[in-house]
Amino acid sequence: MPSIEFKGKRHIYAHHLTVPYRPLVPDPDRSSGDCPDDDNLIIHGDNLHALKALMPRFAGRVKCIYIDPPYNTGNEGWVYNDNTNGPILKHWLANEGPVDGEDLERHDKWLTMMWPRLHLLKELLSEDGVIFVSIDDNEQHHLRMLMDEIFGEENFIANIIWQKKGPSR
């Protein structure tokens, strides 16, 4: 099976396994009613840590996932901030600051950010679960290759293309 190669992959390859579990702590002041722990959860926090916190209770049980990661257009100014252990990766990411249009390695950084998250999402999905990802043309081709490697090329069903309303004719 083909795989996608990107700077940082060998350093981030098993990062999803090293992210520590964190407990989900209910906040009664922000909760509505007496909801059971696995019903209508709103989690505030870093998405990588939130995914790992969901693992003990929901691994293999989630039927539908929708994510909307940064489109990596160069205009978002997002900062890759995962607490990675590799000194080479730490140095590479720390020196760069926000990822913008001038960053020639922004696609590698985006892939490095997505890799552990997609692995955790795969662990959360049930056998018959589906995942939907909103993305634009800046990373669509990279995302497809990443998803094929993690979820299996044979599990791809289709691209759904949303056509923005064009000019009046």
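Residues numbered from 1 in each chain as written. Predicted model: local features only at pLDDT ≥ 70, side-chain atom pairs only at ≥ 80, totals over all residues. Heavy atoms only, no water.

**Student:** Explain helix 3 (residues 47–58) residue by residue, including any values.
**Tutor:** Spanning 12 residues, helix 3 covers 15 Å between terminal C-alpha atoms, matching the ideal 16 Å at 1.5 Å per step. In this fold, the buried residues of helix 3 make contact with helix 2 (15–18), strand 1 (62–67) and helix 5 (106–124). For helix 3, the N-terminal capping position is held by D46, with its side-chain oxygen 2.9 Å away from the main-chain nitrogen of L48. (Helix = DSSP H or I, 4+ residues; strand = E, 2+ residues; numbered from the N terminus. Expected span 1.5 Å × (residues − 1). Contact = heavy atoms within 4.5 Å. Polar contact = N/O pair within 3.5 Å; in protein donor to acceptor, adjacent residues only side chain to side chain.)

**Student:** Requested: an account of helix 5, with residues and values cited.
**Tutor:** Side chains that are three or four residues apart share a direction in an α-helix, a result of its 3.6 residues per turn. The terminal C-alpha atoms of helix 5, which comprises 19 residues, lie 28 Å apart, in line with the 27 Å expected from a rise of 1.5 Å per residue. Along helix 5, the sharpest kink reaches roughly 25 degrees, centred on M114 and followed within four residues by the proline P116. Buried residues dominate helix 5, accounting for 15 of its 19 residues. (Bend = angle between axes of the 7 residues up to and from the residue. Buried < 20%, exposed > 50% of the residue type's maximum accessible area, 1.4 Å probe, protein only.)

**Student:** Just give me the short version of the packing of aromatic side chains, but keep the residues and values in it.
**Tutor:** Enumeration over the complete set of coordinates arrives at two aromatic pairs. With a centroid separation of 5.3 Å and an interplanar angle of 35 degrees, the aromatic rings of Y13 and W115 are classed as tilted. Taken together, the residues Y13 in the loop between helix 1 (9–12) and helix 2 and W115 in helix 5 connect sequence positions 102 residues apart. Within the aromatic cluster, the residues linked to one another by ring pairs are F6, Y13 and W115. Against the face of Y21 rests K52, its NZ or CZ located 4.8 Å from the ring centre. (Phe/Tyr/Trp six-rings, centres within 6.5 Å; stacked < 30°, edge-to-face > 60°. Lys NZ or Arg CZ within 6 Å of the ring centre and 35° of its normal.)

**Student:** Can you break down the packing of helix 5 against helix 6 (residues 140–151) residue by residue, with the values?
**Tutor:** Where helix 5 meets helix 6, the axes come as close as 10 Å, and the angle between the chain directions of the two elements is 35 degrees. Remark: the crossing between helix 5 and helix 6 carries right-handed chirality. Each of H107, W110, L111, M114, W115, L118, H119 and K122 in helix 5 lies in contact with helix 6, whose residues at this interface are H142, L143, L146, M147, E149, I150 and F151. Residue classes in the contact of helix 5 with helix 6 are distributed as 10 nonpolar, three polar and two charged. (Axes fitted to C-alpha atoms, helices over the stretch in contact; angles between N-to-C directions. Left-handed = near helix turned anticlockwise from the far one by under 90°. Nonpolar A, V, L, I, M, F, W, Y, C, P; charged D, E, K, R; others polar.)

**Student:** Tell me about the confidence of the model for the protein chain, and please be specific about residues and values.
**Tutor:** In the predicted model, the protein chain carries a mean pLDDT of 83, and the fraction of residues at 70 or more is 78%. Here helix 4 (residues 87–94) is the element of the protein chain with the lowest mean pLDDT, 63, and strand 2 (residues 125–133) is the one with the highest, 97. (pLDDT = per-residue confidence, 0-100.)

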